[in-house]
Amino acid sequence: MSSKPLNVNEDEIAKFERIASQWWDLTGDFKPLHQINPLRVQFISQHLAQHYDGINSGFSGKKIIDVGCGGGILSESLAKLGAKVTGIDMGTEPLNVAKLHALESAVSVTYQKITAEEKAQECAEEFDMVTCMEMLEHVPDPASVIQACSALVKPGGLVFFSTLNKNIKSYLLAIIAAEKLFKIVPQGTHDHDKFIRPSQLISWAEENNLKCIDASGIHYNPITGNHKLNDSLDVNYILCFRKL
Ligand code: SAH
């Protein structure tokens, strides 16, 4: 047993525990995640088809692990498309909500309370794809999660990360506009210091045998609710990597 402390910020976990009951309320605190989710699924599907799926069977039977799955918005979507999804998170309430919702939706997803680092020790190179969405900005050591995601995926498999860029624009939009002015997400959801520049994320990934094959902005207008994939990585962005 390693004596290394868990790569978990308990205050961050507590924030999500408190609002977990709202996870599937399409008009609540997780509204932005519901709105951008189809864009994430579109991005992942496109790369599955282009860069992984030689025989073109789509998601069917693909083993995917969703790291920091929360209440299961993305996990369920991928399972509905036929993937065999494992969702992991360190929040008890988000996982409870995820399990209940999967039952209600009659979708099969395996949910587990475990860190990415521990899971990587148990299940090295078992997954076709790893998704880790909007989670890296909530952990003490994001590079360690990236290392674990690389360890979890098979050689040639795909890893997807999404997070928030670190600059003035992301501060104004994600903190000032979304939290303070329009109160779209609860105040204190994000700490701008924990936002991650794409160049930094890519460099951590490259140190762990992950080659970046695509990057896209996820544009979200908190006022109009308008959302689309675009070329600007200024605020929310999503990256696709292939394990060498
Ligand atoms: N990935 C989901 C939820 C994002 S919210 C989605 O995009 O739809 C961030 C999630 O990360 C929360 O559920 C929180 O409990 C989880 N989280 C934060 N720190 C974590 C850690 N160290 N290990 C696992 N999950 C963590």
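An account of the accompanying structure is given in this report. Since this is a predicted model, take the numbers as computed values, not measurements.

### What to know about the environment of Val-139
Topologically, Val-139 is positioned in the loop between β4 (127–133) and α6 (142–152). Sequence separation between Val-139 and Glu-207 is 68 residues, and the spatial gap between their C-alpha atoms is 19 Å. Sequence-distant contacts of Val-139, defined by excluding residues within four places in its chain, comprise Asn-7, Val-145 and Lys-194.

### Overview of the site of the ligand
Every one of the 16 residues lining the ligand counts as a neighbour, but Asn-7, Arg-40, Gly-68, Asp-89 and Met-133 are closest to it. At a separation of 2.9 Å, a nitrogen atom of the ligand approaches a polar backbone atom of Asn-7. Separating an oxygen atom of the ligand from a side-chain N or O atom of Arg-40 is a distance of 2.7 Å. Burial of the ligand by the protein chains amounts to 98% of its free accessible area of 580 Å². Listing elements by their share of the shell around the ligand, those giving two or more residues are α1 (10–19) and α2 (31–51). Of the residues belonging to the shell around the ligand, the class tally is 10 nonpolar, 3 polar and 3 charged.

### Looking at the state of the cysteines
Under the criterion given, the structure shown has 0 disulfides. Of all cysteine sulfurs in the structure, the one in Cys-149 sits closest to Cys-123, which takes part in no disulfide; the separation is 13 Å. The thiol of Cys-212 is not disulfide-bonded; the next cysteine sulfur, from Cys-240, is found 7.5 Å away.

### Considering the side chain of Ser-216
For Ser-216, the location among the structural elements is in strand β6 (residues 210–220). A residue is classified by how much of its surface remains accessible, and Ser-216, at 9% relative accessible area, is buried. Of note is the side chain of Ser-216, whose polar atom sits 3.3 Å from the backbone oxygen of Asn-230. Beyond its immediate stretch of four places on either side in the chain, Ser-216 contacts Phe-43, Leu-229, Asn-230, Leu-233, Tyr-237 and Ile-238.

### Re the environment of Ala-98
Position of Ala-98 among the secondary structure elements: in helix α4 (residues 92–105). Sequence separation between Ala-98 and Val-145 is 47 residues, and the spatial gap between their C-alpha atoms is 21 Å. Here Ala-98 is in contact with Gly-70, Gly-71, Gly-72, Glu-76 and Tyr-111, once residues within four sequence places are set aside.

### Looking at the packing of aromatic side chains
Counted under the stated rule, the structure contains 4 aromatic pairs. With a centroid separation of 6.1 Å and an interplanar angle of 80 degrees, the aromatic rings of Phe-43 and Phe-160 are classed as edge-to-face. Taken together, the positions of Phe-43 in helix α2 and Phe-160 in strand β5 (residues 153–164) put the pair 117 residues apart, joining distant regions of the chain. Take Phe-43: its relative accessible area is 2%, and that puts it in the buried class. Accessibility expressed as a relative area gives 0% for Phe-160, which makes it buried. The rings of Phe-16, Trp-23 and Phe-30 are connected pair by pair, giving a single aromatic cluster. In this structure, Lys-63 packs its charged tip against the face of Phe-127, placed 5.2 Å from the ring centre.

### Thoughts on helix α8 (residues 198–206)
In an α-helix, one turn spans 3.6 residues; hence positions three or four apart end up facing the same way. Among all positions in α8, only Pro-198, Leu-201, Trp-204 and Ala-205 are buried. Projected down its long axis, α8 shows its buried positions confined to an angular sector of 130 degrees, all on one face. Opposite the buried face of α8, by more than 90 degrees, sit the exposed residues Ser-199 and Glu-206.

### Looking at the pattern of salt bridges
One pass over the structure, following the stated rule, counts 6 salt bridges. For Glu-126, the salt bridge goes to Lys-63, with nearest N and O atoms at 3.3 Å. With a gap of 63 residues between them, Glu-126 in the loop between α5 (116–122) and β4 and Lys-63 in strand β1 (residues 63–67) connect regions that are remote in the sequence. The exposure class assigned to Lys-63 is partly exposed, which follows from its relative accessible area of 27%. Two residues, Asp-128 and Lys-154, come together in a salt bridge whose shortest N-O distance is 3.0 Å. Of this pair, Asp-128 sits in strand β4 while Lys-154 is found in strand β5, placing the two residues 26 residues apart along the sequence.

### Points about the packing of α6 against α8
Packed helix pairs are characterised by how far apart their axes lie and by the angle those axes make with each other. Where α6 meets α8, the closest approach of the two axes is 9 Å, and the angle between their N-to-C directions is 45 degrees. When the axis of α6 is compared with that of α8, the two are oblique. Crossing of α6 against α8: the hand is right-handed. Facing Pro-142, Ala-143 and Ile-146 of α6, the residues of α8 in contact are Leu-201, Trp-204 and Ala-205. Classifying every residue of the contact of α6 with α8 gives 6 nonpolar, no polar and no charged.

What counts and what doesn't
Residues numbered from 1 in each chain as written. Predicted model: local features only at pLDDT ≥ 70, side-chain atom pairs only at ≥ 80, totals over all residues. Heavy atoms only, no water. Helix = DSSP H or I, 4+ residues; strand = E, 2+ residues; numbered from the N terminus. Contact = heavy atoms within 4.5 Å. Near = heavy atom within 4 Å. Polar contact = N/O pair within 3.5 Å; in protein donor to acceptor, adjacent residues only side chain to side chain. Areas by Shrake-Rupley, 256 points an atom, 1.4 Å probe, with all protein chains shown as cover. Nonpolar A, V, L, I, M, F, W, Y, C, P; charged D, E, K, R; others polar. Disulfide = S-S within 2.5 Å. Buried < 20%, exposed > 50% of the residue type's maximum accessible area, 1.4 Å probe, protein only. Phe/Tyr/Trp six-rings, centres within 6.5 Å; stacked < 30°, edge-to-face > 60°. Lys NZ or Arg CZ within 6 Å of the ring centre and 35° of its normal. Arc of directions from axis to C-beta. Salt bridge = Lys/Arg side-chain N within 4 Å of Asp/Glu carboxyl O. Axes fitted to C-alpha atoms, helices over the stretch in contact; angles between N-to-C directions. Parallel < 35°, antiparallel > 145°, perpendicular 65-115°, else oblique. Left-handed = near helix turned anticlockwise from the far one by under 90°.

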